[in-house]
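Remarks on the overall topology
Here is what each chain is made of, one letter per residue.
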Number of protein chains: 2
Amino acid sequence: MHTYSQKLNSNDIARHAGVSQATVSRVLSGNSNVREETRQRVLAVIEELNYQPNAFAQAMKTRLSGTIGVVVSRITNPIVPEVLLHLADELTAHGKRMVVWNTDTEGEAGVVNAIRQRVIDGLVFTAAGQQSAAMASALQTGIPIACINRHIEGGEFNQFACSNLEGARTMADYLVASGRRRIAIINGPLDRSTLADREAGLRQGLQDAGIGLPDKYYAASDFAHDKFRQLAIEMIEQPSPPDAIACGNDVIAFAVLCGLRAAGVGVPDEVWVTGFDGIEMSGWDVFNLTTMRQPLDAMASATVGALIDNIENSEAEPRMVRFGTELIIRGTTANMPLTQL
Amino acid sequence: MHTYSQKLNSNDIARHAGVSQATVSRVLSGNSNVREETRQRVLAVIEELNYQPNAFAQAMKTRLSGTIGVVVSRITNPIVPEVLLHLADELTAHGKRMVVWNTDTEGEAGVVNAIRQRVIDGLVFTAAGQQSAAMASALQTGIPIACINRHIEGGEFNQFACSNLEGARTMADYLVASGRRRIAIINGPLDRSTLADREAGLRQGLQDAGIGLPDKYYAASDFAHDKFRQLAIEMIEQPSPPDAIACGNDVIAFAVLCGLRAAGVGVPDEVWVTGFDGIEMSGWDVFNLTTMRQPLDAMASATVGALIDNIENSEAEPRMVRFGTELIIRGTTANMPLTQL
DNA sequence: TGAATGTTTGAATACGTATTCATGGTAAGG
DNA sequence: CCTTACCATGAATACGTATTCAAACATTCA
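These numbers were taken from a predicted model, which means no experiment stands behind them.

The subject of this paragraph is the interface of chain A and chain B. Accessible area lost upon the coming together of the parts serves often as the stated size of an interface. At the junction of the two partners, chain A supplies 66 residues and chain B supplies 66 residues. Around 6400 Å² of area is buried between chain A and chain B when both sides are counted, 60% of it from carbon and sulfur atoms. Run the count over chain A and chain B and you get 17 residue pairs in polar contact (both at pLDDT 80 or more). The element best represented in the side of chain A that touches chain B is helix H5 (residues 79–93) of chain A, accounting for seven residues. Among the residues forming the side of chain A that touches chain B, the class breakdown is 33 nonpolar, 20 polar and 13 charged.

This is the structure in structure tokens:
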């Protein structure tokens, strides 16, 4: 069994500095009054001996681990690392570590265990379906949680998402205003609030424009590149195919573009395609995707901020914010300025 | 300050079961002899009261946290989540949690801190440059480490990578055997051993074929999609452009394909393109990239296995394994079977 | 049967820190 | 000068578990 011994403890520091262990602890925590001269002396010894407090002992006393959990449903979905990147930056800025669970392959047992063992101070849930043993467990134990890109009606906890419905509505309006009339939707699983809200926004826009959405212009599937790709092929190869396909998110749109390419159908000449999220890859030439950008950095910042507040102050009210989105017009739709909206 | 109290401790269990706390601990750890009847009684009480041992107290005693750190250089690089996925699965299978650091934006301070605080039992380094304060700190403290996709000569620690040189050599042979004669290389930073080894393999193949590599057919840059894209454009727009571009990895190849598309150059009609890694996206229709697949799952499995061994048995020798690669021929090169190799 | 060995258990202790309680000292206020 | 309040500090304790030590008991062997 490999263990590497801790060389020093606060008693050693106390002895060297000629104070009591309690005083060393007070200097470290910075919460109590210590005479400036004493503080300097202790700090000097800490520095000299290169002392680090034992994190486990601290955690046991304070019941705080300095670690935040992040629950992710499909880590290889390209939007996930972008979210993790921003979360990691924010957490680091707050001096917290980030432990990650990927539930689509690992399952949720690890998360539930961590919650029950109290080894995390808070938990971030990223977009995923509603049914979640981990979420139920978190709510039951009362551990502070925050959801990013996932909305649950009536939930008494922090929730940060973009204006999915309004953004999708804007997207529909743009397509209609640009002359599209046979607009199709390809979407993912609707138990994800983001996707459901976006679909609602699109449908609303189509309905208000008097266009509507025939069944043959609608398709959905659970997450799998090949499935979306296949749906796109079937969609485009039917009689009187759509002249635009609005997708629930960028990753779905990527698969759709792949399907259309396989079917030999030109974009945007024969059909337009739009995504939603505005992830980095959407700007690559091979996609050049018109999409609706959500401010992931701001959302991550708010998520972490609220979580930290809940941890430091249990009275803090849960927050719920919707972030604005930005239409980015690229090559998968006609490249013309949007003056008529 | 939010804290949620631990309801029960092992003393409560002991009292309810009519045994001592030591016996409860023995039942939990499973290392000592306990009479079967006693064990069942204790387990029943644990079950009944829904007791969970306090992880911090355990960690303080055993000096083991049940957490493994993973250091990543650019988490949004699509190969990284694939690595993390496999690592997470393996770690979960071993009952370990995974904490992730993304050093390109966070820096390494968090990792170094975690090492000094002993809050992780082991550390995985994924491909990155050689200079690393975290690696130095890890080696100094003696915490078990393992490197995946990163090789350091003479290092006394676990290292798992694929046969980068041989794989690249095979790739060069394939291009030459297929009739390519003006073969270019676009690569990333050479302080990454994977990229350096692959370049060496390619150069070796070209040299043995008597083709060589003129300066004008070589370009490199640090990691940034736009830079690789630009390099590809400049490469292809020069007089007597290459008839093939071999890239250091798939992500570079994606950028190259984007550049070629922007330049209006047909692939594979006017120029072939190859990658290396075989990440999932390389199979998407928009890339359809010929590449060299490395067995990430096996590599991750070996990485975690070795790390766990080092943690459980400090005498365990560091391991160093090279994994074989597999040429995957797709649409960015002529779609013909490779019989002549 | 007696000695030797092995099994099962409890009491006590240690891990390293944060915090409470008590004490001596110092400043403020009349 | 006396009281009151506050500041700085140390001794002692608690957090919850793993482990050592010793004792009680059971088993084996001659």
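Here the narrative resumes.
Looking now at the side chain of Asp250 of chain B. Residues and elements named next belong to chain B. Along the polypeptide, Asp250 turns up in helix H12 (residues 250–263). No salt bridge is formed by the buried Asp250; the nearest opposite charge belongs to Arg330, separated by 6.3 Å. For Asp250, the residues in contact, after removing those within four places along its chain, are Gly275, Phe276, Asp277, Gly278, Ile279, Ser282, Leu289 and Thr291.

The subject of this paragraph is the state of the cysteines. The tally for this structure, following the rule as stated, stands at zero disulfides over all chains. Looking at the unpaired Cys258 of chain A, the closest cysteine sulfur is the one in Cys247 of chain A, lying at 11 Å. The thiol of Cys162 of chain B is unpaired, and the distance to the nearest cysteine sulfur, on Cys147 of chain B, comes to 14 Å.

Bringing the nonpolar core into the picture now. Among the nonpolar cores identified, the biggest contains 153 residues, and Ile186 and Phe287 of chain A together with Ile186 and Phe287 of chain B are the most heavily contacted of them. Setting aside residues up to four positions removed in sequence, Phe287 of chain B forms contacts with Trp284, Val286 and Phe287 of chain A together with Phe254, Leu257, Met281, Ser282 and Thr332 of chain B. Core analysis: the next-biggest nonpolar cluster, separate from the first, contains 42 residues, Val99 and Trp101 of chain A together with Trp101 and Val111 of chain B among them.

It is worth spelling out the side chain of Thr23 of chain A at this point. Residues and elements named next belong to chain A. Along the chain, Thr23 falls in helix H2 (residues 21–29). Residue Thr23 is classed as buried on the basis of its relative accessible area, which comes to 15%. Setting aside its immediate chain neighbours within four residues, Thr23 contacts Val34 and Thr38.

Criteria and cut-off values
Residues numbered from 1 in each chain as written. Chains lettered and ligands numbered in written order. Predicted model: local features only at pLDDT ≥ 70, side-chain atom pairs only at ≥ 80, totals over all residues. Heavy atoms only, no water. Contact = heavy atoms within 4.5 Å. Buried area = accessible area lost by both parts, 1.4 Å probe. Polar contact = N/O pair within 3.5 Å; in protein donor to acceptor, adjacent residues only side chain to side chain. Helix = DSSP H or I, 4+ residues; strand = E, 2+ residues; numbered from the N terminus. Nonpolar A, V, L, I, M, F, W, Y, C, P; charged D, E, K, R; others polar. Buried < 20%, exposed > 50% of the residue type's maximum accessible area, 1.4 Å probe, protein only. Lys, Arg positive; Asp, Glu negative; His and termini not counted. Salt bridge = Lys/Arg side-chain N within 4 Å of Asp/Glu carboxyl O. Disulfide = S-S within 2.5 Å. Core = buried A, V, L, I, M, F, W, Y, C linked by side-chain atoms within 4.5 Å.

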